[in-house]
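# Commentary on secondary and tertiary structure
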Amino acid sequence: LNSTSAPQTQNPAYPLYPSVTQLLHEKGIPESEVSKIPASGPKGRLLKGDVLAYLGAIPAEYPSEQAARLAKLAHLDLSNIKIAAPVKPAEPAPAVEEKPVARPPPTTSVAVSISLAAVLSVQKKIKETLGTTVPLSTFLARATDLANDDLPRSSRETPSADELFDEILGAQPIKFTRGEYIPELNAEEARPVQKKQKVEDDLIDFLAGKVSKKAAATAKSVVEPAANVFSLTVPVEEEKRAKVFLDRVKTLLTVEPGRLVL
């Protein structure tokens, strides 16, 4: 519908915008003519677009169209907004059953003191005879390997399915198995030992009557070779098995250790 009302002009209750005043001055429009220019601004105020439309620089309907568009945008349309459904609370996660943590079996330490004097003696003889040096580690590795053979079976070891089947058929249960022990070696410091040494009488002293006919015995400090402690940390159930292993190592290293390398 076309409006028949007279166009609205600048509201005298409000001053002109500075930009409008400057434009009127630039275009040479007197103040007496301002009341003739239709105003499309808020509350009837004159806009620059109104002046330009009055002068024909832009279409005459442009200011009114922009005013209508701005008026429409001034009102927020909430008709398309829908209220979101309430969010359902998250269901609690099912409780995870904690599995009991397997604790390691209690352990014990088994140790034996072993002198390597015999091994060092054999090592020296091989060097003098064959001109080659056999490392000490070779003696220790060979003794460890032999000592692990046919050890008493630990109570912690469970028979395999094949062993149980053989026992049903009349076979004797296996009482010995090979071990996998590797002992720790800790050297002890050499300690001086007081030993008595017989001293023969000097002939001149004897004739002078300064000493008895019996030879005098004097104490002399002698440093014995250092012993080495071989030790194992094993489950309590394997204490007997570990002792057998260490006793074998001691025998191999102290009684004819030359057989370990020859």
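Residues numbered from 1 in each chain as written. Predicted model: local features only at pLDDT ≥ 70, side-chain atom pairs only at ≥ 80, totals over all residues. Heavy atoms only, no water.

For the protein, the name recorded in an unreviewed UniProt entry is Peripheral subunit-binding (PSBD) domain-containing protein, with Aspergillus niger as its organism. Per UniProt, the protein carries the Sequence similarities (unreviewed entry) text "Belongs to the 2-oxoacid dehydrogenase family." (UniProt positions renumbered as here; feature names shortened; annotations may be inferred.)

Once that is clear, we can look at the overall build of the protein. Scanning the protein from terminus to terminus reveals eight helices and seven strands. The burial tally for the protein puts 21% of its 262 residues in the buried class. Surface summary for the protein: the accessible area is close to 20300 Å², and the carbon and sulfur share equals 57%. (Helix = DSSP H or I, 4+ residues; strand = E, 2+ residues; numbered from the N terminus. Buried < 20%, exposed > 50% of the residue type's maximum accessible area, 1.4 Å probe, protein only. Areas by Shrake-Rupley, 256 points an atom, 1.4 Å probe, with all protein chains shown as cover.)

Moving on, we come to the pattern of salt bridges. For the structure on display, the rule yields five salt bridges. A salt bridge links aspartate 145 to arginine 142, with the nearest nitrogen and oxygen atoms 3.4 Å apart. On the criterion of helical spacing, the pair formed by aspartate 145 and arginine 142 is a turn pair, its members being three residues apart in helix H5 (residues 136-147). With relative accessibility at 37%, the residue arginine 142 sits in the partly exposed group. Taken together, the salt bridges that share partners define one network made up of Arg142, Asp145, Asp149 and Arg178. (Salt bridge = Lys/Arg side-chain N within 4 Å of Asp/Glu carboxyl O.)

Our focus in this paragraph is helix H8 (residues 239-254). Look at H8: 23 Å from first C-alpha to last across 16 residues, which is about the 22 Å you get at 1.5 Å a residue. Those residues of H8 that sit buried are Arg241, Ala242, Phe245, Leu246, Val249 and Leu253. The buried residues of H8 all sit within an arc of 130° when viewed along its axis, so they share a single face. (Expected span 1.5 Å × (residues − 1). Arc of directions from axis to C-beta.)

The subject of this paragraph is the packing of aromatic side chains. Within this structure, the stated rule accounts for one aromatic pair. In this structure, arginine 45 packs its charged tip against the face of tyrosine 17, placed 4.0 Å from the ring centre. (Phe/Tyr/Trp six-rings, centres within 6.5 Å; stacked < 30°, edge-to-face > 60°. Lys NZ or Arg CZ within 6 Å of the ring centre and 35° of its normal.)

Bringing the side chain of serine 231 into the picture now. The residue serine 231 is located in strand E7 (residues 227-235) in this model. Those residues within four positions of serine 231 in sequence are excluded, and the remaining contacts are Val110, Ala111, Pro183, Glu184 and Asn186. (Contact = heavy atoms within 4.5 Å.)

This next bit is on the side chain of arginine 45. Relative to the elements of secondary structure, arginine 45 occurs in the loop between helix H1 (18-27) and helix H2 (48-55). One buried charged residue, arginine 45, remains without a salt bridge, the closest side chain of opposite sign being aspartate 50 at 9.9 Å. Within the structure, arginine 45 has its side chain in polar contact with the backbone oxygen of proline 15 (distance 2.7 Å). Not counting chain neighbours up to four residues away, the residues in contact with arginine 45 comprise Gln10, Tyr14, Pro15, Leu16, Tyr17, Ala39, Ser40 and Asp50. (Lys, Arg positive; Asp, Glu negative; His and termini not counted. Polar contact = N/O pair within 3.5 Å; in protein donor to acceptor, adjacent residues only side chain to side chain.)

What follows is about H1. Looking at H1, one finds that the buried residues are Val20, Leu23 and Leu24. For H1, the arc enclosing every buried residue in end-on projection is 100°, short of the 170-degree limit, so these residues lie on one face. Seen from the open side of H1, the exposed residues pointing more than 90 degrees away from its buried face are Pro18, His25 and Glu26. For H1, the secondary structure elements touched by its buried residues are H2. Two residues or fewer after H1 comes glycine 28, characterised by a positive phi angle close to 70°.

Turning to the nonpolar core, a few remarks are in order. Within the largest apolar cluster, 23 residues are counted, with the highest numbers of intra-cluster contacts made by Phe139, Phe230, Leu232, Phe245, Leu246, Val249 and Leu253. Of all the elements in the fold, those that place two or more residues in this core are strand E1 (107-115), helix H4 (117-130), H5, E7 and H8. Here the element with the most residues in this core is H8; it accounts for five residues. When residues no more than four places from it in sequence are discounted, the contact partners of leucine 253 are Ile114, Ser115, Leu116, Ala118, Val119, Phe139, Leu140, Ala143, Phe230 and Leu260. Residues Ile29, Val34, Leu46 and Val51 belong to the second largest nonpolar core, which totals nine residues. (Core = buried A, V, L, I, M, F, W, Y, C linked by side-chain atoms within 4.5 Å.)

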